[in-house]
Structures are given as structure tokens and as C-alpha cells.
Amino acid sequence: MLMKTEYLLPLCVLLPMAAAPVVYSLRRRSARLGDGAVTLVCLAVLAAALYLARMPACRLAVPDLFLQGVSFASGGVRSLFGLLCAFMFTMSSLADPAYFRGEPRCARYDAFLLLTLGGILGVFYAGDLFTLYICFETMSLASWVWVAHNETEAAQKAADTYLAMAMIGGLVMLYGLFRLQHMLGTLDLGALPELAAACGDRQGLFLSACCLLVGFGIKAGMYPFHVWLPKAHPAAPAPSSALLSGILTKSGVFGILLIITCLLWGDRRLSMILLALGTVTMVLGAVLAVFSVDLKRTLACSSLSQIGFILVGAAMLTTGEETALAAGGIVAHALNHGLTKLVLFIAAGVLYKHKHTLDLNELQGAGRSCLPLKICFLLGAMSLAGVPGFGGYVSKTLLHESIVEQIHLASGSAAGLLEGVEWAFLISGGLTAAYMTKLFVKLFVQKPRSAGHPVRIDKGSLTAIAPAAAALLLMGLRPAQTYEKIAAFTAESLRSAPFAVHYFSLENLKGAAISLTIGALVYLLFVRGLLTDHRTGDYVRATALIDLEDDVYRPLLGLTAFAGAFAARLAYSLTDLVVRLGAALMNYKAPQRVKPGEDHHFGRYSKEYVRVGAISQTLQFELMLFGIGVVVTLVYLMFKL
Amino acid sequence: MMQLFILLLPVLLPACAGLYILLRRPGQCGRTACLAALLCCLTIFPAVRSGAGEGVRIEITYFLSLILRADRLGIFFMALIAAAFFLALVYACEYLGRDKRQPVFFGFTLMTLGAMMGLCLAGNLITFYMFFELMSLLSFPLVLYSGGEEASLAAMKYLGFSVFGASLVLMGMILGGGLPIHAFGRVGQMALDARQLWAFLLIALGFSCKAGMMPMANWLPTAHPVAPAPASALLSGIITKAGILGMMRAAFYVFGGRNLAGTFPQTVLLVLSIATIFAGSMLAYKEKQFKKRLAYSSVSQLSYVIFGMMLCTPAGVCGALLQVVFHACAKIGLFLCAGAFIHHCDVHNVDGLLGMGRRMPRVMAAFTCFALSLIGIPPFGGFAAKWQLAAAALEQGSAAAQTGLVVLMVSALLTAGYLLPIVARGYFPGEGFKAKVTDGGPAMVLPMVVLAGAAALLGIFPAGLASFFRTVASAMF
């Protein structure tokens, strides 16, 4: 064979990045050419990712780049996430032409789409944390352009928050990497598990890992770092919201999985942190989604909640015992969530393109007449809600079972706590069902208020969402042949083993039944009862009691900056004070002969102008003479020797 | 004599060219100046050959002798300085346009270049001091250039701080006794007594005035904004580095890095540099005038170098030198961008930079690269420098170093805070923004492209540079 498999790894990263400027200039010339080129590059990357997933795991190190040397690796969960990422980018790029028709500055969007693709694949295929960091930063910055792309006021604010969070996360993470590198001597992911297990400084290791957790947690949307997510995802154009929600959050999840498996395997404290934050994220996201009356914001909050599910699974994985179901559940849920969000966000984009609003009340019945869109949305919604027979049911069952297993392993208060988490899990599942029903009924069942142009879905968007929607159903019907195979494929990289579960046993169906019952109750009693204005049939706009960003983070940041600036100014102006004092002392009762402030031409103390060539001011003239003197001296010295 | 002639050529060539420009009738002289700077770059090569080894010694009295030689550190600084001057002069051709007084700018810039070449070639502290003073005085008209009261006061401040700093150096040299006369070289292990330690502290503080470390940083934010953009670029990016070079020479070639490790001057300088890193960034974050913001930023960034250097380890010196290179690239570039904004759009304040990405796309693209490099975001070089500095700080492990690392991260965040909003508002001015495109001409954009390319390429492939610096650093200890 001419080319080794491992060369595909950097190629996956570099090809989209190198193609970005080319696509930029192509897209400026012709929309068709540019869009075609984007899809082509994505397809090439998809083919490479597919090939990499089918080949045995491989690695490639390039020493000396970026001072530290970079390396890439494939296999297991990396290959799966890489494949998912390439698939989602390809599908999303198919929806681009229709969504961006008639919009300005699409070339910019396309170029940064490809840059982000390169960055995110670099995150998944990184062989060490250093490479991962570099690609992570690239991805963060490139995707920032997506959020700001629309240039509305909301988009600007969301983009500022996104950028600030990304910067803070990146730097905290970098600090953690510095410490890890110093403590363990390497950041190579292959060597880290052993070194970390043997590391004597547990506290230092834990703190470094927490720094990484902050960085990844911000990207994943983990509470309390989630504030950017419900603002940024709706602000971005729909095809990129799908990617932000579906796959960029997964890069954070992927990082957290690396912390668990490579640094703190079996660490109880990390497990507790993840469990607490995961549960809060899961419930909070679901509650926010139920209240939201904005289509894309509902979906974004739903993403929060789903990431919370995954984090709870991650907490179960961290315990290090009986991890097979948790590992499988995480992978399956990440996969499902990605596909679901691809379907839902692009469907939302189709609706937005026709109605130019995201307000649910104004969108009432918008998609009623468009059957393909309706079916795809329904499939996505059913899967997200965890209806048996769909992918979401399988992954939620796995996660649920993993909690149940941990309850059996735990004892005393820990078991009680976990039971509480189990209930939170089931309730969140119910809320998911409730808000998805709310969306579906409003958009696709109720009659539109006014007759307008019926929504039509274009071929590109349909091609983008139909495969994912179909996959969710087909894979959900045959979990043993699909999800279990995938879980087995990734099991080793997550330090767990393959498994087999009876998904449609009574025990497992019971969980889904409880969730769906709760969902039905919430929908009927709460959403239709309290949240609906019965005269108009509109959903009531609820205002949040507290906005974590506007009420806590921004004031806190402002205060810190003020205090810092005050201290800095004080320290800095000390010198000026001393100079002033000195000047006052010197001029005390002394005739002021030198007054540079009053003389317009400082230094012109002779009455006559001296003019030689271009020089007319005497001080400069004297400096010039000085220069001549120096040159003459040097030449003299030269000859004296 | 031939050896001395070749060694002095990089000094004399720009100095004579500068004098020639000054004495000639007023008129266009940008091309002559650029040519002279380019030739100066070329004269480095023979000077390096002939200055290797012992170099040339000129004995004036028994105690006072001048030494000229070219060691690795000097060669590196010569290359950096000459290249930066060349780029700034090319830029100035367009920036100064048809300004009648431009011979003053070009002439004194070239003479400053000559003095700085001498500074790099200096083989002992006395020679260094001479050229240092020369440089301070010759760069003075650059601050004064734009005329007016503000410029006069700023120039006065610049001169005052320079003279005060130099006097501290002189005091230190007198206090240091026999040490400053020796030729620069590897210093053996010895115990420094209190007098010598104070001497070092005075010398270092004196040089740090030029390098913009608190408590003597106040001249930078006053002098940089009033100077014409290419001059402020050189002042901020290059002339401040003379102070860095002075500190390095004093610390590692006169007093010895190992001897200084663990002494009180080291702690004092570390603490001061850490305070400056934070204060500079914080003040830049709050500053609205663009060039002043950049000047504060220099105050902060240069103290990264001092911090790395004063860790007194080879790794720290290596990190400091990397920071020297990448700060020079980024800061010169940023000042050139600031000049382009002023020259073409008459924008002095940060708020006026709205939509700059549409008005001056090429300049703004370069600005983005420089900003990312200064913050330390890969793939740009600032990242490599920061990585090396952090590794050195952790390796050294003292409380000051640990604190410094945290402050370094906070400062990086603040750097992002004062540069990225400009990028954000420049590219995303909001719906309905309309403006004419008035981009910089080739003479303005070309130097920016070169600098941005250098920051990116050296950031991605820093191995050669880093190994060169490791050699330099290991020769010091």
C-alpha cells in the first residue's frame, strides 16, 4: 500500500483547514461552486473518517511542531466521534444552500465551517492533550464566527459571551495542562493512564484535572458554565446550530471522558462532582425548555438537558466498577443526541426560512402541510423523548440501567442519593417528552392562524435530515445489532467491556413508561393548563427569576475588573506621584527657569534658528552634532588601532 | 584594523546614512533609508564572522576598555533589530507620505539603528552603557517628531526616565567595582557579597526603565502615542528590548545566573515583574485610546520577558528569548496597524474601530493575527513562548514563580479582553453597517504580512529557534 493509514489522521485535520481559504474565494465568485466545494471537502473527510473507523487503531507523531510536538491517534471512541462529526458536517452542509440563499457574507460562514471541522476532528483524533488543546482553541475561535454571523444585537451579545467563556475555559484548561505536563512529564494520552495511576500527588492531579474539567465543561454546557449555550445556539444560523448543539458540545463530553479514563479513573470525588453538576444540568435544561417559547431556544435548552444525561452517565463511568452499561449509554446517547439535533435544528431552519421568526406562537401550524418535514421532526422528537422503538429509548435505558446498577453497588446514604438521581433522571425524561410534544403540537398539529405560503422543504435539507431521522428509528428497532456493536467498538477505549441487554423487557419498559406518563401529565396539566393563554391559545412568555449571566457573572466580572484596575492604577501612579513631589521640592521657592510646558518649541533656547538641511530645531541639531561626534570618534578609534 | 572596521560597519553604515539624510536638502528620503537599513542587515554577516571569539579590544585607560564582539545572543538581537527597523522604515515611506520633516524621522531612526547595532556588539558593560546612552539620545527626536506641546512633554518624560535609568546603571557599575569592566562571558560559581548584589539590582532596575517595568514604566504610555506609528512600533517593539538585553547581559554575563538564583535582587525583580504583568494588562484593558492601550500592553508583555529571565534557569531564559521574538513581531505589527487606522481613517480611539474589517480588510486581517499571537493562541508564536515560560516557571518552582504563572494566565485573559473586542466589532459591526473600503497601500501592508507570517510560521515550527535559544541559554549557565 502506498499510503499508510495514519497519514489520514492529520489529513482529516489539515484538509478542511487548507480548503477554507480556497472555498472562501470560490464562494465569493459563485454560490453553487462554493457550496459544492464545501460538501465535497466534507465528503472527503467523511470517507477518510469511515476508513479510519474500519481500520485498526493507529497513531502518528510529528515531533517539534508548536515546540512540544503534536500527535494523532484513532480507534475506539475517537473514531466513532470523528465519524459522527464528519457525517454531521456533511449533512449540515447539504442544508446550507437553501438556508443561505440571498444572505450576505456566506463565504465567511463556509470558510469558518471548514476551519471548525478541521479543529474539531483534531480534538477527536488528538493523540495527546497538547494537540487536543491546540485544536480545541482553533475550534472555539472558528465556531465563534458562526455565533456572531447574523450580526444582530442578540447575536453580538451571544457571541461576546461565547468568546469570553471560550477564552476563560481555554486558559483554565491550559493552566491545568501546564501542571499536568510538569507533574507527569508527558501529555500523551496513551501513557497517561499508567502515569496518573502511579502519581503520588493525588491532590495536585485532581486539581489539574478539575482545571481541564472547567475547560471541557464550558464547551459541553455543564452547569454552572452553561450560560452561553441557550444564547449562542439560537443566535447562529440553523445549520450551524445543529453542529454547535450536536457535535461541538460533544467535544467537551469527549474531553470529560478523557479526564475520566486517562487521569482520574475510579476517583470518587470526580464522580460526585459530575453526578451533582450532571443532575442539575439535566433537570435545569429540561425545565428551561418547557418554559421556552422560542423554537431554537427550546432545542438549545434541550441540548443542555441531554448533555446532563450524558454527564450523569459519565459520573457512573468514573466509579470504575461495572462500567459497561454506563460506557455504552454515554456513547449511544451522544450519538443519538447528535443525530436528533441535526434533524430538529435543520427542520427549525426550514421553518425559520419561510416565516422569518422563531417565536412558537407565530409559528403555529407552520409545518402542518409539509409531510416530509413533519415525519422527520416526529421521528427526531420521539427519539429524544425516549419512546420505545427509537434510538433515544435505547440510550436512555442503558444510562438508567447503569444508575440502577450503581444503586445496587452502593450502600447507605450513597444509595439514597443515587435513587434521588434516578428519579431526577426519569422526571427529566418526562419533561423531555413534554416539551417535544409541546413543540410538535404547536408546529405541526394546530391549525395556522393565517393562511400564508405553505412551507416546503427543499431537496438539500431533506437529504440532510432524512437519513439521520431514519437511522434513529431503524437503529432503535434493532439495538443489539447496532448500539451494542457500537458500544463494543468503543468499549476498550472507555476501559469497559461489551454487554447485552434486553431492551424490551418489562423492567426496562417500566422506566420509559414512568417517564412518558410524567411527560403526558406535565404536558396536559402544566403546559396546556398553566402555560397556555386560553383565550388566544398562545404559550405564555415566562420570565426567569434570575439570569445567571446577567445577574451574577457579569456584575461579578465587572467588580473584579474594577478592583483590579483600581489596584493597578494605584501602583502605577506611585511613580508619577514621586516625580511630581520631586519637581515640587526642586522648584520650591526657586525661580522657574525651565518651563518646557509653555514653550511651544521645546528646546529652542537660542534666539536664532540654525538651519542645516532638514534640521531647524536646535536640540535636534545638537543631537545630530552628537551623532557626528560619535561617528568621528569611532572612525578615529578604528585608525588608531 | 580591518576586523574593527568590519565589526563597526553595522554601526557606521546606518549612522552615516542617517547623517547624510539629515544634512541633505529636505525631500523624499524613504528609499535611501530603506536601502541603508537593508544594507545594515547584510553587514551583519561579515560582522558575525569577524567578531567571533575574543573580538576587538580598545584600551583607553587601564581601567576603561571598549570591547566589540559578536556572540550568539548579540547576533540574534542584531538580526531582530535590523529586520524590524527595515520593516518599520518601509512602512514609514507610506505613513509619512509627503511630510516635509521626514528627513528628521528617517535620519534619527537610522542613527538609532546604528547605536543599537553597537549595543548588540558591545563586549563589556561599559561599551554597552555607551551605546545605550547613545541610543536613548538619538531616539529622542522620534518622540518629539510630531511637534506640539504634548509631544514636547512626552519627549521630556522619555528623556527624563532614560537619563534616570541610565544614572542608576552608572551607579550600579561604580558600586560593582571590577565586575563591569570584564568582557562578557560565562561567569563561574562565586558568592556575591551584599555590595555586588545591590550593584546588580541598581543596574537591572536602570535597564528595566527602558524595558518598561514598574515602577519606571510611566514613559511608555506617554511617549508611544505621540510618536508617529513606525516610531512607536520601534520604541515599543525594539528599543525597549535594549533594556532587556542590558538586563540579560548584566545578569548572566557579568554577575552570573547561578550566583543570582535565590538572592534578594532576584526576588525583587520577580515580584516587580509580576506586578507589572498584571498592572499593565489591567490598565490596557481599561484604556480607550488605541495606541496608549498598546503601550500599556507592552508594559505587561515585556515583563513576561523579565519574569522568564529572572527565573535564572536556562529554560526561563529560553522562554524569555522566545517572548522577545514574538512580542516584537506582534507589537510592531499592532502599532503598524494602529498607524494604518490613524493614517487612512483618522481613528485614534478603540470605539472608532467599528467595522474596520470592512473598511480596511487587509490591515484588519493582519491585526487579528497579531492579536492572537499576543494573547498566545495557537498556531501563533505567542503560544510557544507562553508554553516555554510556564514550563520554566513550574520547573523553578518557587512561590514567586508559581504566582507568576497564575498572573501570566490572568494577563493572557486580559489581553484577550482588550484585543479581541476590537476584532469582534471590526468584523461584526452589526446589521446595516456600510462603509467605504480604504485599505492600506503595499508599503503599509507588506511589513504587516511579513510580521504576521513570521509569527505564524515561527509559531508552528519553533524548533529551530528554540534549539538556538537553548544553546544560548546553556552557554550562560
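Residues numbered from 1 in each chain as written. Chains lettered and ligands numbered in written order. Predicted model: local features only at pLDDT ≥ 70, side-chain atom pairs only at ≥ 80, totals over all residues. Heavy atoms only, no water.

**With respect to the overall build of chain B**
Moving on, step 1. Looking only at helices and strands, chain B has 19 helices and 2 strands in total.
Moving on, step 2. At 21 Å, chain B has a C-alpha radius of gyration in line with the 23 Å of a compact globule built from 477 residues.
Moving on, step 3. Overall, chain B is about 70 × 55 × 40 Å in size when its C-alpha atoms are taken along their principal axes.
Moving on, step 4. Among the 477 residues that make up chain B, the fraction classed as buried is 68%.
Moving on, step 5. Surface summary for chain B: the accessible area is close to 14300 Å², and the carbon and sulfur share equals 67%.
Moving on, step 6. Charged side chains in chain B number 31 positive and 15 negative. The centres of these two groups are separated by 5 Å. (Helix = DSSP H or I, 4+ residues; strand = E, 2+ residues; numbered from the N terminus. Rg over C-alpha atoms; globule rule 2.2 N^0.38 Å. Buried < 20%, exposed > 50% of the residue type's maximum accessible area, 1.4 Å probe, protein only. Areas by Shrake-Rupley, 256 points an atom, 1.4 Å probe, with all protein chains shown as cover. Lys, Arg positive; Asp, Glu negative; His and termini not counted. Charge placed at Lys NZ, Arg CZ, Asp CG, Glu CD.)

**Considering the packing of aromatic side chains**
Moving on, step 1. By the definition in use, this model includes 41 aromatic pairs over all chains.
Moving on, step 2. Residues Tyr91(B) and Tyr95(B) carry aromatic rings whose centres are separated by 5.8 Å and whose planes lie at 20 degrees to one another, so their mutual orientation is stacked. Here the residue Tyr91(B) and the residue Tyr95(B) both occupy positions in helix 3 (residues 72-96), the gap between them amounting to 4 residues, near one helical turn. The two residues Tyr91(B) and Tyr95(B) agree in class, both being buried.
Moving on, step 3. Residues Phe341(B) and Phe367(B) carry aromatic rings whose centres are separated by 6.3 Å and whose planes lie at 55 degrees to one another, so their mutual orientation is tilted. With a gap of 26 residues between them, Phe341(B) in helix 13 (residues 314-345) and Phe367(B) in helix 15 (residues 361-375) connect regions that are remote in the sequence.
Moving on, step 4. Relative accessible area serves as the criterion here: at 0%, Phe367(B) is assigned to the buried category.
Moving on, step 5. Members of the aromatic cluster, joined through ring pairs, are Phe89(A), Tyr99(A), Phe100(A), Tyr109(A), Trp146(A) and Tyr352(A).
Moving on, step 6. Between Arg101(B) and the ring centre of Tyr145(B), over which it is positioned, the NZ or CZ distance is 4.8 Å. (Phe/Tyr/Trp six-rings, centres within 6.5 Å; stacked < 30°, edge-to-face > 60°. Lys NZ or Arg CZ within 6 Å of the ring centre and 35° of its normal.)

**Some points on the pattern of salt bridges**
Residues and elements named next belong to chain A.
Moving on, step 1. Enumeration over the complete set of coordinates arrives at 19 salt bridges over all chains.
Moving on, step 2. Across the pair Arg59 and Asp188 runs a salt bridge, and its minimum N-O distance is 3.3 Å. Linking Arg59 in strand 1 (residues 59-62) with Asp188 in the loop between helix 6 (153-184) and helix 7 (192-198), this pair joins segments that are 129 residues apart in sequence.
Moving on, step 3. Looking at Asp188, the relative accessible area reads 22%, which means it is partly exposed. (Salt bridge = Lys/Arg side-chain N within 4 Å of Asp/Glu carboxyl O.)

**Some remarks on the domain arrangement of chain A**
Moving on, step 1. In terms of domain boundaries, chain A breaks down into domain 1 (1-172 + 234-250), domain 2 (267-542) and domain 3 (549-640).
Moving on, step 2. Its C-alpha centre places domain 2 of chain A at a distance of 66 Å from the equivalent point of domain 3 of chain A. (Domains from an automatic or database assignment.)

**Quick word on the confidence of the model for chain B**
A low pLDDT score tells you not to read the predicted coordinates there in detail.
Moving on, step 1. Averaged over all residues, the pLDDT of chain B equals 90, while 99% of them reach at least 70.
Moving on, step 2. The complex prediction reports pTM at 0.93, with the ipTM value standing at 0.94. (pLDDT = per-residue confidence, 0-100.)

**Re the pairing of strand 2 (residues 65-68) of chain B**
All names here are of chain B.
Moving on, step 1. Burial along strand 2 is two-sided: the face carrying Ser65 and Ile67 and the face carrying Leu66 and Leu68 are both buried.
Moving on, step 2. Bridge count for strand 1 (residues 56-59) against strand 2 is 4 bridges, and the pairing is antiparallel. Looking at strand 2, one finds that Val56 is bridged to Leu68.
Moving on, step 3. The loop that links strand 1 with its antiparallel partner strand 2 comprises 5 residues. (Pairing = 2+ DSSP bridges.)

**Considering unusual backbone geometry**
Moving on, step 1. For the bond running from Tyr223(A) to Pro224(A), omega is 0 degrees, close enough to zero to count as cis.
Moving on, step 2. Its location among the elements puts Pro224(A) in the loop between helix 8 (202-220) and helix 9 (229-235).
Moving on, step 3. Geometrically, the link from Pro378(B) to Pro379(B) is a cis peptide bond, its omega value of 10 degrees lying close to zero.
Moving on, step 4. Within the fold, Pro379(B) resides in the loop between helix 15 and helix 16 (381-396).
Moving on, step 5. A positive phi angle, close to 55 degrees, is found at Arg495(A), a residue other than glycine.
Moving on, step 6. With respect to the helices and strands, the residue Arg495(A) is situated in the loop between helix 18 (483-491) and helix 19 (506-530).
Moving on, step 7. The residue Asp346(B) is not glycine, and still its phi comes out positive at about 55 degrees.
Moving on, step 8. Along the chain, the position of Asp346(B) falls in the loop between helix 13 and helix 14 (356-359).
Moving on, step 9. Judged by its relative accessible area of 57%, Asp346(B) is exposed.

**Some remarks on helix 5 (residues 129-148) of chain A**
Residue and element names in this part refer to chain A.
Moving on, step 1. For helix 5, with 20 residues, the first-to-last C-alpha span of 28 Å sits near the 28 Å given by 1.5 Å per residue.
Moving on, step 2. In terms of burial, helix 5 is a largely internal element, 20 of the 20 residues being buried.
Moving on, step 3. Where helix 5 begins, the capping side chain belongs to Asp128, and its oxygen is found 2.9 Å from the backbone nitrogen of Phe130. (Expected span 1.5 Å × (residues − 1). Polar contact = N/O pair within 3.5 Å; in protein donor to acceptor, adjacent residues only side chain to side chain.)

**Side note on the environment of Gly464(B)**
Moving on, step 1. Positionally, Gly464(B) belongs in helix 19 (residues 463-476).
Moving on, step 2. A sequence separation of 370 residues divides Gly464(B) from Glu94(B), and the C-alpha atoms of the two residues are 34 Å apart.

**Topic: the packing of helix 3 of chain B against helix 19 of chain B**
Residues and elements named next belong to chain B.
Moving on, step 1. Axis separation between helix 3 and helix 19 bottoms out at 9 Å; the angle between their running directions is 140 degrees. Classified by the angle their axes make, helix 3 and helix 19 are oblique. Residue-level contacts link Arg72, Leu73 and Phe76 of helix 3 to Phe468, Phe469, Thr471, Val472 and Met476 of helix 19.
Moving on, step 2. Considered class by class, the residues forming the contact of helix 3 with helix 19 number 6 nonpolar, 1 polar and 1 charged. (Axes fitted to C-alpha atoms, helices over the stretch in contact; angles between N-to-C directions. Parallel < 35°, antiparallel > 145°, perpendicular 65-115°, else oblique. Contact = heavy atoms within 4.5 Å. Nonpolar A, V, L, I, M, F, W, Y, C, P; charged D, E, K, R; others polar.)

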